[in-house]
Structures are given as C-alpha cells and as structure tokens.
Amino acid sequence: MKKGITLLCLCMLLIILGCRPKTTTLSFVGDILLSRGVASQIDAKGADYPFANVKQIFLKDSLTIGNLEGPLTEHDQGVYKNRHIVFKASQQLAKTLANNGLNLLSLANNHTMDYGYQGLQDTIKALKEHGLDMVGTRGQQSNLHTFVGENGMTFGFLGYTVFPPEGYIVSEKRTDVVYYNPELTHYEITEARKQCDYLIVQIHWGKEYDTYYSTTQEKVGRQLVDSGADVVMGHHPHVIQGIEKYKGKYIFYSIGNFIFDHQNYRYTDESVFCNWYQIMKQTLNGGQSP
Ligand SMILES: [Zn+2]
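Helices and strands together make up the secondary structure of the chain, namely seven helices and 14 strands. Residues counted as buried form 41% of the 290 residues belonging to the chain. Across the chain, contacts joining residues at least 24 apart in sequence account for 74% of those joining residues at least 6 apart.

Alignment of strand β10 (residues 231–235) against strand β12 (residues 249–252), held across three bridges, turns out to be parallel. Across the sheet, residue Val231 finds its bridge partner in β12, namely Tyr250. Bridge analysis of strand β11 (residues 243–246) against β12 gives four bridges, and the strand direction is antiparallel. Bridge pairing links Glu244 to Ile251 in β12. Counted between consecutive antiparallel strands, the loop separating β11 from β12 contains two residues, among which Lys247 sits at a positive phi close to 50°.

Mapped onto the elements, Tyr180 comes out in the loop between β8 (176–177) and α6 (182–193). Taking the C-alpha atoms as reference, Tyr180 lies 8.2 Å from Ile203; in sequence the two are 23 residues apart. Ignoring anything within four residues of it in the chain, the contact list for Tyr180 reads Tyr160, Thr161, Val162, Thr185 and Ile203.

Turning our eyes to something else, we now look at the nonpolar core. Residues Leu199, Ile200, Val201, Ala229 and Val232 are the most contacted members of the largest nonpolar core, which totals 63 residues. It is strand β9 (residues 198–204) that contributes the most residues to this core, five residues altogether. Once residues lying within four places of it in the same chain are set aside, the contact partners of Val232 are Val201, Ile203, Gly221, Leu224, Val225, Ile251 and Phe252.

On the basis of which strands lie adjacent, the open sheet formed by six strands has the order β6-β7-β9-β10-β12-β11 and mixed pairing. Of all the strands in the sheet, the pair left with one neighbour each is β6 (145–148) and β11. Sheet twist, expressed as the average angle between the axes of neighbouring strands with direction ignored, equals 20°. In the sheet, β9 pairs with β10 via five bridges, with the strands oriented parallel. Considered in β10, the bridge of Val201 is made with Val232. Relative to strand β7 (residues 154–161), α6 is tilted by about 170°, and along the sheet it contacts β7 and β9.

Moving on: unusual backbone geometry. Unlike most non-glycine residues, Tyr209 shows phi in positive territory, near 70°. Secondary-structure assignment places Tyr209 in the loop between β9 and α7 (215–227). By C-beta crowding, Tyr209 is classed as partly exposed, having 14 other C-beta atoms within 10 Å. Even without glycine at this site, Lys247 takes up a positive phi of about 50°. By the secondary structure assignment, Lys247 is in the loop between β11 and β12. For Lys247, a count of 8 C-beta atoms within 10 Å translates into the label exposed.

Taking every second residue as pointing to the same face, the buried face of β6 carries His145 and Phe147, while none of Thr146 and Val148 on the other face is buried. Pairing of β6 with β7 involves four bridges; the strand directions are antiparallel. Of the residues in β7, the one forming a bridge with Thr146 is Gly156.

For the rest of this paragraph, the subject is the packing of α6 against α7. For the pair α6 and α7, the least separation of the axes is 9 Å and the interaxial angle reads 35°. In this structure, α6 meets α7 at a crossing whose hand is right-handed. Across from Pro182, His186, Ile189 and Thr190 in α6, the residues of α7 making contact are Gln223, Leu224 and Ser227. In the contact of α6 with α7, the residues fall into three nonpolar, four polar and no charged.

Definitions and cut-offs
Residue indices begin from 1 for each chain and proceed along its sequence in written order. A pLDDT threshold of at least 70 governs which residues receive local features in this predicted model, and a stricter bar of 80 or more applies before side-chain atom pairs are shown or counted, although totals over entire chains, interfaces and linings include all residues. The helix and strand labels rest on DSSP assignments: H or I over at least four residues marks a helix, E over at least two residues marks a strand, and numbering proceeds from the N terminus. Our exposure labels follow a C-beta count within 10 Å of each residue's own C-beta, placed from the backbone: buried means 20 or more other C-beta atoms, exposed means 12 or fewer, and partly exposed covers the counts in between. Note on contacts: residues are paired as contacts if their backbone-placed C-beta atoms lie within 7 Å. In short, DSSP must find at least two bridges between two strands for them to pair. Nonpolar core, as used here: buried Ala, Val, Leu, Ile, Met, Phe, Trp, Tyr and Cys residues forming one set through C-beta atoms within 7 Å. Angular values range over 0 to 180 degrees, each being the angle between N-to-C directions of two axes fitted as lines to C-alpha atoms, with helices fitted over their stretch in contact. Take the far helix as the reference: if the near one is turned anticlockwise from it by less than a right angle, the crossing is left-handed, and if turned clockwise, right-handed. Classification convention: Asp, Glu, Lys, Arg as charged; Ala, Val, Leu, Ile, Met, Phe, Trp, Tyr, Cys, Pro as nonpolar; all other residues, Gly among them, as polar.

Here it is, written out as structure tokens:
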C-alpha cells in the first residue's frame, strides 16, 4: 500500500514537471574588448568589474553569446599593422569570461588574428580549458556549434567576418577565422540548417560608427536568411544599427559594443542586449500520447 502511494506521488510529480513549459533563453551581446583601456580598468578594479551588472543574468540564462574582439595570448609578436589596433589580452581572462556566464564566443572578426596563428591557438586552448565554446574558426574545428535547449530544440550557431586578413599571410593549412564567402557561406548554412531547429548566424561587418546599415549589409543579411538563417546577429560598427524583419526572420545589423574602452564617437556607449526566449511545451504524460 505504502509502495503504491509512493509510486502515485512520483507519477504526479513527473506529470507536474513534465507539463511545465520548458524555456530556453539566449542572451546576445556585441563586441568584447579585453585589452587597451579595458585592460587598464581590469588592472585597477579587478577582472570581474566589466561584468558586475550582468553576471547574474548571464548565469541564469541557457546560453550567453558574444563576439570576442582580440586574442587571449601571451605571444609577443603581433601582426604587421597599426600598433594601436593590435590587441591581445591575458589567457587568464578566459576563466573570467566563464565565471561571469559567457558560454559561446564568435572569433570571426578583424582582431582575432592580431597575434597570428599562435595567438589564435592560444585563444582556442584558453577558452576550451574553461569550458567555453566558439564559432568562427576553421581548420582545427567545425564552424558550426550546436546546443540543445531546455525545450528540446537544437540551436545552431555559425560565425563569419567579411573583413580580409590584416597583416598576416593566410595559409589554407592552418587554423584561421572564417571569412564570409557568398558561395561557401550559402553552402555551409544550408548544411547546418539540416542539423538544427534554429540557426543563428553571427557576422562581423559594416562600417565603423555608421548608425545605419548599408545596402551591402542589407543584401548580404537577406541572403543569409534566404540560405537558412533564422536570426542574423551583426557586430563591428561599435554603434547600434537597425533591426529588420525579413521573411519573418530578424536581422540585427549591429548590436553595438558590449565591453569596449572609450571611443571618441557618438553612440559608442550604447549597446543592444538581446534576450531571446523560446518556449515549447513538452509533456511526459500529457498532450500527446506517451
Ligand atoms: Zn571589429
């Protein structure tokens, strides 16, 4: 009798838990710089300082996604370009990113290769060591990252940069960031789309400090949707650009800076924090037949 009651209680609990809507929450933020002026702030106030007001949000969501603008490396040979824009930050900051709730970073941008192949290798190693995932690199791993949300849906992520290599010579045989290429990107999106329920494409593009997206961005953004992207998340201009709803999908042309040092341009201190909820009722015992 006692066994029967325990079993009944257990079944009821499973039904209650099963009937509860399962929510997946994805948080998107823009450019993350951890060197230059941000490094000075970190030295003065501690590594967790830039994340103090968002940490709890990031830890509670299902996945926090951003763009890491620069390698995490101790390597001292930067590539050949303007010294003021050759970025690097300590590998130890990978732990800081993880502790503050970041989960997935796009490395496809115009600064990841600032310390060449060694810088990228060090970055990948540091991020992996602290359980962080990444998109936007090719060679060592697939560009596609998939994540199964609490609602049972599979989310796919891809990362691209439209900017050509700066200050180093590309080698097909070595790990690099993923450059946007109309044909290859179309193919990759088409293939990735088969492996997930929702596909999010991050793209580093646009003109810095332009508050409105260009016709080229519009054309490329729409092509990404036509290829199969459900959401396009843009960054690089350091300011917010428009959001377009195209064929029922959203294109965020630029979500602005998330963590960056002072820039003498208007609107660089504004940022979009995109919190996206996806709910799907799943039941263990109700709704559909078990
Ligand atoms: Zn950039």
